[in-house]
Amino acid sequence: MYIMSKLPNVTTSIFTVMSKMAAEYNAINLSQGFPNFPVDERLTDILANLAKENVHQYTPMAGYPPLMNQIAKLVFDSYKRTINPDLEVLVTAGATQGIFTTILALVKSGDEVIILDPSYDSYESPVLLCNAKPVRVALNDDYTPNWDTIEKACSSKTRLIIINNPHNPTGKILKEDDFLQLERVLSKHPDLLVLSDEVYEYITFEEKHISAHTKDFLLDRCVMVSSFGKSFHITGWKIGYTIAPEYLMKEIKKVHQFLVFSVNSVSQAAISQYLDIVNVGLLGKFYQEKRDYFQKLLKNSRFELKPCEGTYFQVASYAAISDEDDVTFCKKLITDHGVAAIPISTFYSDHKDQNLIRFCFAKDDITLESAAKKLCNI
Ligand SMILES: Cc1ncc(COP(=O)(O)O)c(C=O)c1O
């Protein structure tokens, strides 16, 4: 029987392709964005203890109440924003589900959604599933947003603009002026909402992260998603949260209810206890040391490293090594040199190739050292 695909252009993600190839060729995997060092023992101890307790049944739909209170406290401690845990917080199965659920709840057929390229791959498909139109707008060459182009891309059909700050794959962070420009654009389009993907909110370096939570003009028209997977080195737990004003959250919860109903109870209970003892403020310094070490190790290589202000990704140009396209280069990097990375062209709708690749430096020192040794020999 012929089935017309709802997502005809979606193929296996580049992260899966590169990780699979890395395993096949026994290459060091700096492609997919996950840490390879142990999880905080305090968290695994909490988890082990909880396994014997009565935390194995459905939690309330929007989340385990102690965790929702903890999330509200975390937002207050981090950004001095007071939110109502019952009305404005949703615990999700990773930020991915927060993004999908938000788009499904708020975007209608015929709407347009602005996505800034290069962009993470979770944004476009839910838009297409809503019969809406993704409008991909390229960032400037230095990966700053081009607000004039963004403004020109906005029309009466534009429902949502998705921002990702700190930004995967480029490691850029938005500045005060970006928020002024965003405010200017929003003031001209009263029905435009913002989805702020801040999964790397605690991973910034020299400069502090500016969250949507701190901007008054965004509070009643912005949905913010975050990920405990990124903040606590537990990407496999697939747990995150979404924060939105009540009138938007009401709609988001309606979709959530039928998509997952409620998120894994044990992880929710474990994280709610862990939030009492963990200091998210230390995460930036932890990854800054990794970034600096990785950059130092690659200093004498022929890769040119781009500025990295946040996230755990390092963009590098291989233009001095090869003029092959970035997908071919990444495949050869695995087969011939034993290191896996991600080609940046895959983050663009038009697959713009600039001889750039992305390394993930959320790895232990031995992994970074072994990878750097191989990369310095190219
Ligand atoms: C920018 C961005 N948003 C969302 C996600 C998904 O987060 P989660 O694993 O919590 O679903 C990722 C994961 O790599 C990401 O890089």
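Given the structure is predicted, the values throughout are model-derived calculations rather than measurements.

Undergrad: Looking at this model, I keep getting lost on the pattern of salt bridges. Mind explaining?
TA: A side chain with one charge can pair with a side chain of the opposite charge if their charged atoms come near. If you walk through the whole model with that rule in mind, you get 18 salt bridges. The salt bridge involving Glu 151 is made with Arg 184; its shortest N-O contact spans 2.5 Å. Taken together, the residues span a long stretch of sequence, with Glu 151 in helix α7 (residues 147–153) and Arg 184 in helix α8 (residues 176–188) at a distance of 33 residues. Assessed through its relative accessible area of 27%, Arg 184 is described here as partly exposed. Between Glu 324 and Lys 332 there is a salt bridge whose closest N-O contact spans 2.4 Å. Bridged by salt links that share partners, the residues Asp 148, Glu 151, Arg 184 and Lys 188 form one connected network.

Undergrad: Please explain helix α3 (residues 65–79) as it appears in this structure.
TA: Every α-helix carries 3.6 residues per turn, so stepping three or four residues along brings you back to the same face. The terminal C-alpha atoms of α3 lie 21 Å apart, and with 15 residues this matches the ideal 21 Å at 1.5 Å per residue to within 8%. Along α3, the residues classified as buried are Leu 67, Met 68, Gln 70, Ile 71, Ala 72, Leu 74, Val 75 and Tyr 79. The elements touched by buried residues of α3 are α4 (85–88), β2 (89–92), α9 (228–231), β8 (240–243) and α11 (265–274). Of the residues flanking the end of α3, it is Lys 80, one or two places downstream, whose phi is positive at about 60°.

Undergrad: Even after reading the chapter, I still don't get the sheet that holds strand β5 (residues 158–164), so can you show me in this structure?
TA: Remark on secondary structure: sheet strands pair via backbone hydrogen bonds, oriented parallel or antiparallel. Here we have seven strands laid out as an open sheet, ordered β2-β8-β7-β6-β5-β3-β4, and mixed in their pairing. Sheet topology places β2 and β4 (133–138) at the edges, where each strand pairs with a single neighbour. Strand after strand, the sheet turns through a mean of 20° between neighbouring axes, direction not considered. Docked against the sheet, helix α10 (residues 246–259) engages β2, β6 (193–197), β7 (222–227) and β8, running at close to 30° with respect to β2.

Undergrad: Would you mind showing me how to read the site of the ligand here?
TA: Surrounding the ligand, one finds 13 residues, the nearest of these being Thr 96, Asp 197, Tyr 200, Ser 227 and Lys 238. Side-chain polar atom of Tyr 200 to an oxygen atom of the ligand: 2.7 Å apart, as the coordinates give it. In isolation the ligand exposes 400 Å². Once the protein is present, 93% of that is buried. In terms of residue count, helix α5 (residues 94–106) provides more of the shell around the ligand than any other element does, three residues in total. Looking at side-chain class alone, the shell around the ligand contains five nonpolar, five polar and three charged residues.

Undergrad: Mind showing me how you'd approach the environment of Cys 376 here?
TA: Mapping Cys 376 onto the fold places it in helix α14 (residues 365–376). Sequence-wise, Cys 376 and Asn 279 are 97 residues apart; in three dimensions their C-alpha atoms are separated by 36 Å. Other than its neighbours up to four places away in sequence, Cys 376 contacts Leu 297, Leu 298 and Ser 301.

Undergrad: Which parts of the structure should I look at to understand unusual backbone geometry?
TA: Phi is mostly negative for residues that are not glycine, and the peptide bonds are mostly trans. In this structure, the amide linkage connecting Asp 117 to the following residue, Pro 118, adopts the cis form with an omega of 5°. Note that Pro 118 resides in the loop between β3 (112–117) and α6 (124–129). In this model, Asn 165 is joined to Pro 166 through a cis peptide bond whose omega is -10°. Structurally, the position occupied by Pro 166 is in the loop between β5 and α8. In this structure, Asn 26 takes a positive phi of about 55° despite not being glycine. As for its placement among the helices and strands, Asn 26 is situated in the loop between α1 (14–24) and β1 (28–29). One non-glycine residue, His 233, lies in the positive phi region at around 60°. Checked against the element boundaries, His 233 lands in the loop between α9 and β8. Classification of His 233 as buried rests on a relative accessible area of 16%.

How each quantity is defined
Residues numbered from 1 in each chain as written. Predicted model: local features only at pLDDT ≥ 70, side-chain atom pairs only at ≥ 80, totals over all residues. Heavy atoms only, no water. Salt bridge = Lys/Arg side-chain N within 4 Å of Asp/Glu carboxyl O. Helix = DSSP H or I, 4+ residues; strand = E, 2+ residues; numbered from the N terminus. Buried < 20%, exposed > 50% of the residue type's maximum accessible area, 1.4 Å probe, protein only. Expected span 1.5 Å × (residues − 1). Contact = heavy atoms within 4.5 Å. Pairing = 2+ DSSP bridges. Axes fitted to C-alpha atoms, helices over the stretch in contact; angles between N-to-C directions. Near = heavy atom within 4 Å. Polar contact = N/O pair within 3.5 Å; in protein donor to acceptor, adjacent residues only side chain to side chain. Areas by Shrake-Rupley, 256 points an atom, 1.4 Å probe, with all protein chains shown as cover. Nonpolar A, V, L, I, M, F, W, Y, C, P; charged D, E, K, R; others polar.

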